[in-house]
Amino acid sequence: MAIARTVLVLAASLALAAPALAQEHEHDTPSPPTNRWSFAGPFGKFDRGQLQRGLKVYREVCQVCHGLKLVAFRTLADPGGPGFSTAQAAAIAAEYQVPGEPDDQGEIKPRPAGPADSFPTPFPNDNAARARYNAVPPDLSVIAKARGFERGFPLWVWDMVIQYQEQGPDYLTALMQGYQDTPPAGVTLPPGNFYNKYYPGHGIAMPPPLTDKRVDYTDGAPMTVEQYAKDISAFLMWTAEPHLEARKRIGFQVFIFLIVLAGLLYFTKKKVWREVEAH
Amino acid sequence: MSGHSTYQPQSAFMKWMERRLPIAGLVYSSFIVYPVPRNLNYWWTFGGILAFMLGVQIITGIVLAMHYTPHVDFAFNSVEQIMRDVNYGWLLRYIHANGASMFFLAAYIHMFRGMYYGSYKEPREVLWILGVIILLLMIMTGFMGYVLPWGQMSFWAATVITNLFSAIPLVGESIVTWLWGGFAVGNPTLNRFYSLHYLLPFVIAGVVVLHIWALHMVGQNNPDGIEPKTEKDTVAFTPYATIKDGFFMVVFCVLFAWFVFYIPNFMGHPDNYIPANPAVTPTHIVPEWYYLPFYAILRAIPNKLFGVIALGASILVLAFLPWLDTSKVRSAKYRPLYRQFFWIFVVVCIGLGWLGSKPPEGAYVLLARLFTVYYFAYFLIILPVLGLVEKTKPLPSSISESVLPSKSGAKA
């Protein structure tokens, strides 16, 4: 194996040297810190209280600019979600106005939303948003899966084993807390942008959305930016993956089944092959 | 090897049937009494796993197609509808999306196994070439499937890959317009990709039938790379191969389920959860992991046309493998030099995959070029020369001799 060993050592050293040589092009964006999420891991479940708080943060802060157009009000009462009753979900829906069906005169008048409607978008179209904010605030329905960050080798391999799938919420939590009033020396931002150390490129059009005590919590949870950030991120993970709990629960059952079946097949195989392997 | 059917119908109905359509006899001779070498190891179970994965993809795909809307305005949301409102839609979609990765993983293992044990050599050239055709069809199918959710990566992957054809001199631009069905990737593109994504798996299934037919003509290769001589060298497909394949298929499903249920988005890219937007280009456009080695080869060549040619050649060269490898000995077990070059080749392929995910700059480009040179040199220089100069180890006289403990007690 002499040739193979020499070549492998050579390839490995080149591979290790390559990132260092290409370093100049890497971003200076720090990796968001990882959090302990109740929904992480094989038995993860959402924290109902956290989802309800997150919804409150969304309704009192985010929804001014961001829609949740894929999320129907009825799903607020679905199992594995924030745990509202059907009546509570309907009551939340009724607080929103959506365009109604054309009446006898062909006029479209707003009507209160029902459980089957989705969270309305705050702007009729992208241009309306751009005219007002000079940017289009993205819809948040699947944002927790649409954002992430590079973990790099060898962490990403390890992530497969430890089931790390929470890049999205970790990034969002960090982003909410990553604002700095004054950018570091030498950094110039486009006009109207804010400095955020976790945002790629650092110049973000969204003003710092959260301040301490901005949203009233009634369940005793701390009313801090950090807690708000975690709650909204958890809520957005639920909107992005509403069947997460069912997926993990069924997954465990599937695993038990597969492992038992594999065991049975293994011993059957051994028995079947025993006579052949003897002679 | 397939021989004549020894199937003896028992019931009157089966006797009646067998004289009209001998399907029971075909199944009996192909999957029951069909002789397989007794020394096959677990690397040989991936053929069965691949057939299973094709079935999984077709079944989940058909159900997904019942709920999916192939239109640029609705595709993204219809996929989300599947994830949210279709009963177990999330399960179907995650099985299908991760199933593609598992399918390719199994296919690559299957191919590396074929290469290690020289399964492509005489008389199995056609069997191997049919496999290369299946790989090519899989690559096309997988690519078009990735476009269907119409996220950012879908859209930009479609743009980048279809644009490769513009490198063809004179007619390139016209071909690209023809592929798109317009002057940019748009609704006609999405529609035809959907149509072809539904069609190609059935073409694959057809070629798989030919692949299995060819296999049953020439019989399976085995870790020793010598043909079975007596009945002692083989065992019946059922129960021996069936139970072994079945066991390992379930083990493979454990890995599959790990991805589907616990890390379903690990193989995907977050950008594909952003609806396609022709006005915004993602910072890094990366293909799915199973295309990364080919993507690295494409980008390693500074000239676009030659890059595309290298990309095509990297797959096409596989079809010539049976004639490029000049060695008479099949199995790497008895080819000490070949074995080393083979493992370097595996590392090079994985390395190319890693480089395909990196931006094409600095040392990455240099490494990608080195690896690309090795990739082609392996087929075009190393294998032809090695067969002529290598001193191979003596082959056992029969399969049973190689697996059974010899009289002296030493295991071969």
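Our next topic: the overall build of chain A. Looking only at helices and strands, one finds 9 helices and 5 strands in chain A. In sequence order, chain A lays out its α and β elements as α-α-α-β-β-α-α-α-α-β-β-β-α-α. Burial status across chain A gives 28% buried among its 279 residues. In chain A, the proportion of contacts linking residues at least 24 apart, taken out of those at least 6 apart, comes to 63%.

Assigned secondary structure in chain B consists of 16 helices and 2 strands. Relative to the 2.2 N^0.38 estimate, which gives 22 Å for 412 residues, the radius of gyration of chain B is 24 Å and therefore close to what a compact globule would have. With 412 residues in all, chain B has 44% of them scored as buried. Sequence separation of 24 or more characterises 76% of the internal contacts of chain B that already satisfy a separation of 6 or more.

This next bit is on the packing of helix 3 (residues 46–67) of chain B against helix 5 (residues 89–116) of chain B. Residue and element names in this part refer to chain B. Relative to each other, helix 3 and helix 5 sit at 155 degrees, their axes nearing to 9 Å. Viewed along their axes, helix 3 and helix 5 adopt a mutual orientation that is roughly antiparallel. Crossing angle aside, the handedness with which helix 3 passes helix 5 is left-handed. Among the residues forming the contact of helix 3 with helix 5, the class breakdown is 15 nonpolar, 9 polar and 2 charged.

All names here are of chain B. Here helix 11 (residues 292–300) crosses helix 12 (residues 304–319) at 145 degrees, and the two axes come no closer than 7 Å. Between helix 11 and helix 12 lies a crossing whose hand is right-handed. Facing helix 11, whose interface residues are Phe294, Ile297, Leu298 and Arg299, helix 12 presents Gly307, Val308, Ala310, Leu311 and Ser314. Here the contact of helix 11 with helix 12 is built from residues that sort into 6 nonpolar, 2 polar and 1 charged.

Okay, unusual backbone geometry next. If a residue is not glycine, its phi is most likely negative; likewise, a peptide bond is most likely trans. All names here are of chain B. In this model, Glu122 is joined to Pro123 through a cis peptide bond whose omega is 5 degrees. Along the chain, Pro123 turns up in the loop between helix 5 and helix 6 (125–147). A cis geometry characterises the amide bond from Thr238 onward to Pro239, with omega recorded as 10 degrees. Its location among the elements puts Pro239 in helix 10 (residues 237–262).

Facing 36 residues of chain B, the contacting portion of chain A comprises 42 residues. For the side of chain B that touches chain A, the secondary-structure elements that each account for two or more residues are helix 4 (75–84), helix 10, helix 14 (336–356) and helix 15 (363–389) of chain B. If you tally residues by element for the side of chain B that touches chain A, the top one is helix 10 of chain B, at 13 residues. Here the side of chain B that touches chain A is composed, by residue class, of 25 nonpolar, 6 polar and 5 charged.

Let us look at the nonpolar core. Residue and element names in this part refer to chain B. Counting residues in each nonpolar core, the largest one holds 98 residues, and the members touching the most others are Ala106 and Leu352. Here this core gets 16 residues from one element, more than from any other, and that element is helix 5. Mapped onto the domain boundaries, this core takes at least three residues apiece from domain 1 (28–266) and domain 2 (286–388). Those residues within four positions of Leu352 in sequence are excluded, and the remaining contacts are Pro293, Ala296, Ile297, Ala368, Phe371 and Tyr375.

Bringing the environment of Val56(B) into the picture now. All names here are of chain B. Examined against the element boundaries, Val56 turns out to sit in helix 3. A C-alpha to C-alpha distance of 9.7 Å links Val56 and Ala100, two positions 44 residues apart in sequence. When sequence neighbours within four positions are dropped, the list of residues in contact with Val56 reads Ile95 and Gly99.

Moving on, we come to the sheet that holds strand 5 (residues 203–204) of chain A. All names here are of chain A. Spatial strand order, 3-4-5: 3 strands in an open sheet with antiparallel pairing. Pairing within the sheet leaves two strands with one partner each, and these edge strands are strand 3 (179–180) and strand 5. Sheet topology places strand 3 next to strand 4 (residues 194–196); 2 bridges connect them, and they run antiparallel. Each residue of the ladder has a partner; that of Gln180, found in strand 4, is Tyr195.

Residues and elements named next belong to chain A. Within the element layout of this structure, Glu60 appears in helix 2 (residues 48–60). A residue is classified by how many C-beta atoms lie within 10 Å of it, and Glu60, with 13 of them, is partly exposed. Taking the C-alpha atoms as reference points, Glu60 and Asp216, separated by 156 residues in sequence, lie 9.5 Å from one another.

This part takes up the confidence of the model for chain B. Residues and elements named next belong to chain B. When pLDDT is averaged across chain B, the result is 95; 97% of the residues are at 70 or more. Considering only residues more than four positions removed or in separate chains, one finds that residues 407–412, a stretch of pLDDT under 50, has 5 contacts. Among the scores for the predicted complex, ipTM is 0.92 and pTM is 0.94.

With that out of the way, let us pick up the domain arrangement of chain B. All names here are of chain B. According to the domain assignment, chain B contains domain 1 (28–266) and domain 2 (286–388). Counting residues at the interface gives 24 residues for domain 1, matched by 20 residues for domain 2. Mapped by element, the contributors of at least two residues to the side of domain 1 that touches domain 2 are helix 5 and helix 6. Tallying contributions element by element places helix 6 first for the side of domain 1 that touches domain 2, with 8 residues. Residues that form the side of domain 1 that touches domain 2 fall into these classes: 16 nonpolar, 5 polar and 3 charged.

Let us now look at helix 11 of chain B. Side chains three or four residues apart in an α-helix point the same way, a direct result of the helix having 3.6 residues per turn. Residue and element names in this part refer to chain B. Taken across its 9 residues, helix 11 has 9 buried, putting it largely inside the fold. All of the buried residues in helix 11 are Leu292, Pro293, Phe294, Tyr295, Ala296, Ile297, Leu298, Arg299 and Ala300. On its buried face, helix 11 is in contact with helix 12, helix 14 and helix 15.

Turning to the confidence of the model for chain A, a few remarks are in order. Considering every residue of chain A, the mean pLDDT works out to 91; 90% of them sit at 70 or more. Contacts from residues 22–26 of chain A, a stretch scored under 50 in pLDDT, to residues over four places away or in other chains number 6 contacts.

Residues and elements named next belong to chain B. By secondary structure assignment, the location of Leu366 is in helix 15. The exposure class assigned to Leu366 is partly exposed, which follows from the 14 C-beta atoms found within 10 Å. When the C-alpha atoms of Leu366 and Ala300 are compared, they prove to be 7.9 Å apart, with 66 residues separating the residues in sequence.

Procedures and definitions
Residues numbered from 1 in each chain as written. Chains lettered and ligands numbered in written order. Predicted model: local features only at pLDDT ≥ 70, side-chain atom pairs only at ≥ 80, totals over all residues. Helix = DSSP H or I, 4+ residues; strand = E, 2+ residues; numbered from the N terminus. Buried ≥ 20, exposed ≤ 12 C-beta atoms within 10 Å, placed from the backbone. Contact = placed C-beta atoms within 7 Å. Rg over C-alpha atoms; globule rule 2.2 N^0.38 Å. Axes fitted to C-alpha atoms, helices over the stretch in contact; angles between N-to-C directions. Parallel < 35°, antiparallel > 145°, perpendicular 65-115°, else oblique. Left-handed = near helix turned anticlockwise from the far one by under 90°. Nonpolar A, V, L, I, M, F, W, Y, C, P; charged D, E, K, R; others polar. Core = buried A, V, L, I, M, F, W, Y, C linked by C-beta atoms within 7 Å. Domains from an automatic or database assignment. Pairing = 2+ DSSP bridges. pLDDT = per-residue confidence, 0-100.

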